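# Structure assessment
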Amino acid sequence: PYGLLPLPQGTKVYLLLGVDRDYPHIGRTDAILILLFNPQNRRASLLSVPPDLFVYLPGFTMQRLNIAYAQGGFELLSLALEYNFGLRPEKYLLAHKNDFAEFIDELGGLTITLPKDEPDLCEGMKAGRQYLDGEMALCYVRSRTLTDEHARNMRQLQVAQLIFERLVQGGNLVRLADLFDIFGKRVETNLTLAGLLELVPLALELAAPGRIGTFTFEPQDVEAWDLSGAGGLPVLLPRPERLPQVLEAAVNFLNTPAPPSVLVTTYIAQATTSPTPTTTPTATLTPTRTATRVRTSTPCLLYTSPS
């Protein structure tokens, strides 16, 4: 066991998941993001965990992390995260791939900016601004070129940031009850609408620049290993000497309190004065593929990948 990570007082641990099947089927959780947030310090960290990590599932076996939910639901997956990473989520939300696509369309789509052509991504994507509807956004977060798990995790973090921004900006938070009514019966979650509404003031604070740090396992943090001996996609072994650095970076980001943001007033005004929330797409840069931990914003619904 890794042992429980010491967290700043008041820190909450949530889990955002996406599966590779349509509703109502349960498949592999190929998007696994741990959300840490501290209401007192007005900061949050989002950690993308590679689904192909080969870890111990308590009471079960050594296996890829992405099968834990299918084998034992949220309880087994949360136990596995606690055993291997010292973080025990208390709340979770799991989205199926068709729900994710419909949710993106409900938000009016997303706009990204690609720094270069990506011929192998979603049958070819050009450099520059790209509008993503639900199906295209689903492809964007699912696609993986060969064994480039890191690039996929970075795209998932990027889209998570965009979803959060779309929800908070332009008055879209006034639609929270309607969105929960549409998708709440289909996603799997122990979150309630009342609980989400209580988090709205914090969400407004977290929308200020620099309030959310995004983190993932870099290529040097894991080791690829051919599990079967017969080729195919390898599993990823966490490097014991690197694992504490990854986890502590995400936790340490929460430690410094952020001052109140004047942007909160703007977002409140948008939510209270605009009868129709805006659906104008906003742009963001694609995260760079470097060993530097990226710092940006969080999500609401997430999806998965095709291993």
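Residues numbered from 1 in each chain as written. Predicted model: local features only at pLDDT ≥ 70, side-chain atom pairs only at ≥ 80, totals over all residues. Heavy atoms only, no water.

## Brief notes about the overall build of the protein chain
Using the following cut-off: In this text, helices come from DSSP runs of H or I with a minimum length of four residues, and strands from runs of E with a minimum of two, each type numbered from the N-terminal end. We call two residues contacting when some pair of their heavy atoms lies within 4.5 Å.
Across its full length, the protein chain carries nine helices and 12 strands. By sequence separation, contacts in the protein chain at least 24 residues apart represent 71% of the contacts at least 6 residues apart.

## Looking at the nonpolar core
So the rule is basically this: The definition of a nonpolar core used throughout is a set of buried Ala, Val, Leu, Ile, Met, Phe, Trp, Tyr and Cys residues joined through side-chain atoms within 4.5 Å. Accessible area is worked out with a 1.4 Å probe on protein chains only. A residue is then buried under 20% of its type maximum, exposed over 50%, and partly exposed in between.
Formed by 38 residues in total, the largest nonpolar core has its most connected members in Leu15, Ile34, Val49, Leu65, Phe85 and Phe217. Sort the elements by how many residues they give to this core and helix α1 (residues 68-85) lands first, with eight residues. Sequence-distant contacts of leucine 65, defined by excluding residues within four places in its chain, comprise Thr29, Ile32, Val49, Pro50, Pro51, Leu53, Val55, Leu57, Leu77, Ala80, Leu81 and Phe85.

## Re the environment of glycine 171
The topology assignment puts glycine 171 in the loop between α4 (149-168) and α5 (176-183). In this structure glycine 171 comes out as buried when scored by relative accessible area, which is 3%. Between the C-alpha atoms of glycine 171 and threonine 266, which are 95 residues apart in sequence, the distance is 9.7 Å.

## A few points about the pattern of salt bridges
Where we set the bar: Any Lys or Arg side-chain nitrogen found within 4 Å of a carboxyl oxygen on Asp or Glu counts as a salt bridge.
One pass over the full model with this rule turns up 15 salt bridges. Between arginine 88 and glutamate 75 there is a salt bridge; the shortest N-O distance is 3.2 Å. Residue arginine 88 is located in the loop between α1 and β6 (91-95), and its partner glutamate 75 is located in helix α1; the two are separated by 13 residues in the primary sequence. Of the residues examined, arginine 88 reaches a relative accessible area of 33% and is grouped as partly exposed. Glutamate 106 serves as the salt-bridge partner of arginine 175, at 2.8 Å between the closest nitrogen and oxygen. Of this pair, arginine 175 sits in the loop between α4 and α5 while glutamate 106 sits in helix α2 (residues 97-106), placing them 69 residues apart in sequence. Taken together, the salt bridges that share partners define one network made up of Asp52, Arg64, Arg144, Glu149 and Arg152.

## Topic: the confidence of the model for the protein chain
Which entries qualify depends on this criterion: pLDDT runs from 0 to 100 and stands for how confident the predictor is about each residue.
Of the residues in the protein chain, 86% reach a pLDDT of 70 or more, and the chain-wide mean stands at 87. Confidence over residues 278-307 falls short of pLDDT 50; this stretch has 140 contacts with residues more than four positions distant or in other chains.

## Comments concerning the side chain of asparagine 41
To be explicit about the condition: Counting of polar contacts relies on pairs of N or O atoms within 3.5 Å, with two restrictions inside protein: one atom must be capable of donating a hydrogen and the other of accepting it, and residues adjacent in sequence are counted only when both atoms are side-chain atoms.
With respect to the element layout, asparagine 41 can be found in the loop between β2 (29-38) and β3 (43-48). Since its relative accessible area comes to 11%, asparagine 41 is described here as buried. Separated by 2.7 Å, the side chain of asparagine 41 and the backbone oxygen of leucine 254 make a polar contact. Setting aside its immediate chain neighbours within four residues, asparagine 41 contacts Leu254, Asn255, Thr256, Pro257 and Ala258.

## Observations concerning α2
For α2, the full list of buried residues reads Lys97, Asp99, Phe100, Ala101, Phe103 and Ile104. Downstream of α2 by a residue or two, glycine 108 has a phi angle that is positive, lying close to 95 degrees.

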